[in-house]
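# Understanding the architecture of this molecule
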Amino acid sequence: MNEKILLTTSVGSFGKPEYLQKARNLHARGKLSTDELRELERKATTEWIRIQEEIGLDILVDGEMYRGDMVAYFADLLDGYKEGGLVRSYGNRYYHKPIIAGKVSRPKPMTVEWFQYAQSLTDRPVKGMLTGPYTMLDWSFNEAYPTRRDAALALAEVVRQEAEDLQAAGARYIQIDEPAIHARPEEIGIAIEAMAIVTRNLKAKTVSHICYGDFAAIYPAVLELPVDQLDLAMVNYDYRWLDLFDAHPFTKELAIGIVDVHTHELETVAEAAAGIRKGLRYVSAERLYPHPDCGLKTRSVEETIAKCKVVVEATKVVREELRAKVPA
Amino acid sequence: MKTTVVGAFPKISDDPGGQELRRALHRSDRGEIDAAALDAVFEAVTRGAIEEIEGAGIDVVNDGEIRWDDLFAPLARAWTGVSRGATTTTPLDRFYDSNTYFRQPVIEGAIRTNGQTLVRDYRFARSIAKRALKAAICGPLTFATHARDRHYPTLEERTLAVADAIAEEIRGLGAAGATLVDVEDPAVVALPQHIELAREAYGRLAAAGVPIALQTSFFPADRVLSALASFPVAQVGLDVRSRETTALGRLDAFRGKTVVLGIVDARNTRLESVSEVARLVEEALKLVPADRLWVAPTTGLEYLPHDVALKKLAVLVEGARAATGAGAPVRVAP
């Protein structure tokens, strides 16, 4: 069996089980110790590693049970940041948008222990998961650096330190997410320059997840982003980004979103398989990684499992088709 | 010269007592309170927003758009032919580079409205406001370029159909007593290639016979500035603070129009000094007479935490006073 094609994965975050949500609320109100919370975060991480193995995903994630938000988590651990007040993200959801108040630096590793813990639970590769410097900048208030480029490059330095520590700890895949990369398309050069700092010493496979926004506005410039793999939301956009690859061939590995993360409705295996086939028109099976569109933290545990199962089942269908085409 | 606000005001604050709306919406979602109880909270929070904006010393206020989930929501909920993405997929997308998300309106048929969508809220705000009050609505190009369209064959047809519906709402607001309507339309500066389509759309809006202010934001207006100067609108709003722009030196293009200048950055917590604000006002006054210059935050203050939003309004008012009150060079434009 050739399992080296169409390796399945996920973008990074999973829904938090109810006991962990409750524990996080109690901890926020000072009614649960940090040690007790960490114990429950480890328990949930263990559960998610088991679940991913059972579902049959190939490249695993730790599920980010210890994070609330992909920028605030790092901002809390970096010097130079302070917590900002509440800002609405959509509907009735609010978050503490962090403030870059001084020169940023990393007092100690931020994700390495979680990576080591998750990797110790499985033989399958677990991805190291970081937020990219441009997104860290764009999703923070910048009070400290004179320009956005200055801030992005300073953040790149701390992300680089973390990425190299993950590699030293054994990470074979390091994902540096840049969902904000197209926030200001004219700044794509800054995002590329910053990512080059992060990945320059990495031998691990590097991945960057991009979602929402106008991907067309940064294509094909984004092909210069110094990572091996781009990880793109596709279902939410009716796969229209693939049309861009007709004019300018896609040159990287592609992690392709084949189930939407924003709907409760479950895609059929046939629909998801059709998504993989669309991707195969542009990227070979060795370089195509089926997965959900985006992080699944807004979905329930049950919905998350169901969506990931569809990814794996759809991949099996298409692998079978490919095998049938190639005589053994 | 007048001070004003543009767009949405923070709906909640970090104070323990400042989160009624957030709680009420959660309780409403869980079916614990009825529509009337939720409505009462919306009214109380709207009243609070108007009072805070007026308390900061702003001359021309709006209602803070407290009921709006996003710029499109009130229209997408009310208009015939448009839904708010409640169908198979619920399209959620990021609003420009704001890290704020909106539900994409889905156009499923010919757009129709009775023009009364915003009237009730305007009347309520009218009953609260002690200062001059303006109404607000989403702009046609911004609506048309953020919607999913299953009905109109082209962007042109979509934009003009949306413009006709917006014009109907503006007529309704005018009949309810509104004397100025902000049309919030960042797409006009985001998509300079569609400036002539935008001009045609604003012609439809102008036909409603109510003075309108075309409020741009998020992007520099440099590429469309001369075109905007001949749009059929009473006011044009420009951000001259948050990004590099040549607009500040070209304001003399707006002969006969009022310029609404965004001079405190509504998307960064870094607080401007009074002298920074005053300097921008003084620069503008070299090219625009004081009776045609209004100053404002660069966009809606909802992108900031509530306490910072209030500080931004305070420095806006102080900076404006410093520039005009203390012998600043006030000249009539050539």
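Data block above holds the structure.
Residues numbered from 1 in each chain as written. Chains lettered and ligands numbered in written order. Predicted model: local features only at pLDDT ≥ 70, side-chain atom pairs only at ≥ 80, totals over all residues.

### Remarks on the overall build of chain A
Regarding its fold elements, chain A presents ten helices and eleven strands. Each principal axis of the C-alpha distribution contributes one length, and for chain A these read about 60 × 45 × 40 Å. Buried positions account for 51% of the 328 residues belonging to chain A. Here the contacts in chain A between residues at least 6 apart in sequence split such that 75% fall between residues at least 24 apart. (Helix = DSSP H or I, 4+ residues; strand = E, 2+ residues; numbered from the N terminus. Buried ≥ 20, exposed ≤ 12 C-beta atoms within 10 Å, placed from the backbone. Contact = placed C-beta atoms within 7 Å.)

### Looking at the sheet that holds strand 6 (residues 106–112) of chain B
Residue and element names in this part refer to chain B. Read from one edge to the other, the open sheet built from three strands follows the order 3-6-9, with strand pairing classed as mixed. The open sheet is flanked by strand 3 (80–83) and strand 9 (148–149), the only strands paired with a single partner. Sheet topology note: the strand 6/strand 9 ladder contains two bridges and is parallel. Residue pairing across strands places Val106 opposite Arg148, the latter belonging to strand 9. (Pairing = 2+ DSSP bridges.)

### Let's talk about the interface of chain A and chain B
Listed as interface residues are 25 residues of chain A and, on the opposing side, 28 residues of chain B. Only strand 2 (86–90) and strand 6 (141–142) of chain A provide two or more residues apiece to the side of chain A that touches chain B. With five residues, the single largest contributor to the side of chain A that touches chain B is strand 2 of chain A. Partitioning the side of chain A that touches chain B into residue classes produces ten nonpolar, nine polar and six charged. (Nonpolar A, V, L, I, M, F, W, Y, C, P; charged D, E, K, R; others polar.)

### Quick word on the pairing of strand 8 (residues 205–210) of chain A
In the case of a regular strand, side chains alternate between the two sheet surfaces. Residues and elements named next belong to chain A. Of all six residues that make up strand 8, five are buried, and the element is covered over most of its length. Note: strand 7 (residues 173–177) against strand 8, three bridges, orientation parallel. The residue bridging Gln175 from the neighbouring strand is Val207, located in strand 8. Where the polypeptide runs from strand 7 across helix 7 (residues 188–199) and back to strand 8, its parallel neighbour, the crossover connection is right-handed. Looking at chain direction, strand 8 and strand 9 (residues 229–232) are connected through four bridges and run parallel. Considered in strand 9, the bridge of Ile210 is made with Leu232. (Right-handed = clockwise from strand over helix to strand, strands pointing away.)

### Quick look at unusual backbone geometry
All names here are of chain A. In this model, Tyr219 is joined to Pro220 through a cis peptide bond whose omega is 5°. Tracing the sequence through the fold places Pro220 in the loop between strand 8 and strand 9. The residue Glu64 is not glycine, and still its phi comes out positive at about 60°. Examined against the element boundaries, Glu64 turns out to sit in the loop between helix 2 (34–55) and helix 3 (72–77). A positive phi angle is found at Tyr239, which is not glycine, with a value near 60°. Positionally, Tyr239 belongs in the loop between strand 9 and helix 8 (241–247). Overall, Tyr239 belongs to the partly exposed group, with 17 C-beta atoms counted inside 10 Å.

### Some thoughts on the environment of Arg22 of chain B
Summarising the element assignment, Arg22 of chain B is placed in helix 1 (residues 20–29). C-alpha of Arg22 of chain B to C-alpha of Tyr152 of chain B: the two residues are 130 residues apart in sequence and 37 Å apart in space. Each residue touching Arg22 of chain B, except ones within four places of it in the same chain, is listed here: Asn92 and Tyr94 of chain A together with Ile12 of chain B.

### Overview of the sheet that holds strand 14 (residues 293–297) of chain B
Residues and elements named next belong to chain B. Spatial ordering of the open sheet is given by 1-14-13-12-11-10-8, a layout of seven strands whose pairing is parallel. The open sheet has two edge strands, strand 1 (2–3) and strand 8 (135–138), and neither has a second partner. Packing of helix 10 (residues 274–285) onto the sheet brings it into contact with strand 13 (258–264) and strand 14, and relative to strand 13 it is tilted by some 155°. (Axes fitted to C-alpha atoms, helices over the stretch in contact; angles between N-to-C directions.)

### Considering the nonpolar core
Formed by 108 residues in total, the largest nonpolar core has its most connected members in Ile170, Val181, Leu205, Leu214, Leu261, Val281 and Val295 of chain B. Among all residues touching Leu214 of chain B, those that are not within four sequence positions of it are Val183, Asp185, Val188, Tyr202, Leu228, Phe231, Val233, Val236 and Gly237 of chain B. Residues Met70, Tyr173, Phe215 and Tyr289 of chain A belong to the second largest nonpolar core, which totals 100 residues. (Core = buried A, V, L, I, M, F, W, Y, C linked by C-beta atoms within 7 Å.)

### Some thoughts on helix 6 (residues 148–168) of chain A
Residue and element names in this part refer to chain A. Its 21 residues place the ends of helix 6 30 Å apart at the C-alpha level, agreeing with the 30 Å of an ideal helix rising 1.5 Å per residue. For helix 6, every residue scored as buried is listed here: Ala151, Ala152, Ala154, Leu155, Ala156, Val158, Val159, Arg160, Glu162, Ala163 and Leu166. Positioned one or two residues after helix 6, Gly170 has a phi angle of 110°, which is positive. (Expected span 1.5 Å × (residues − 1).)

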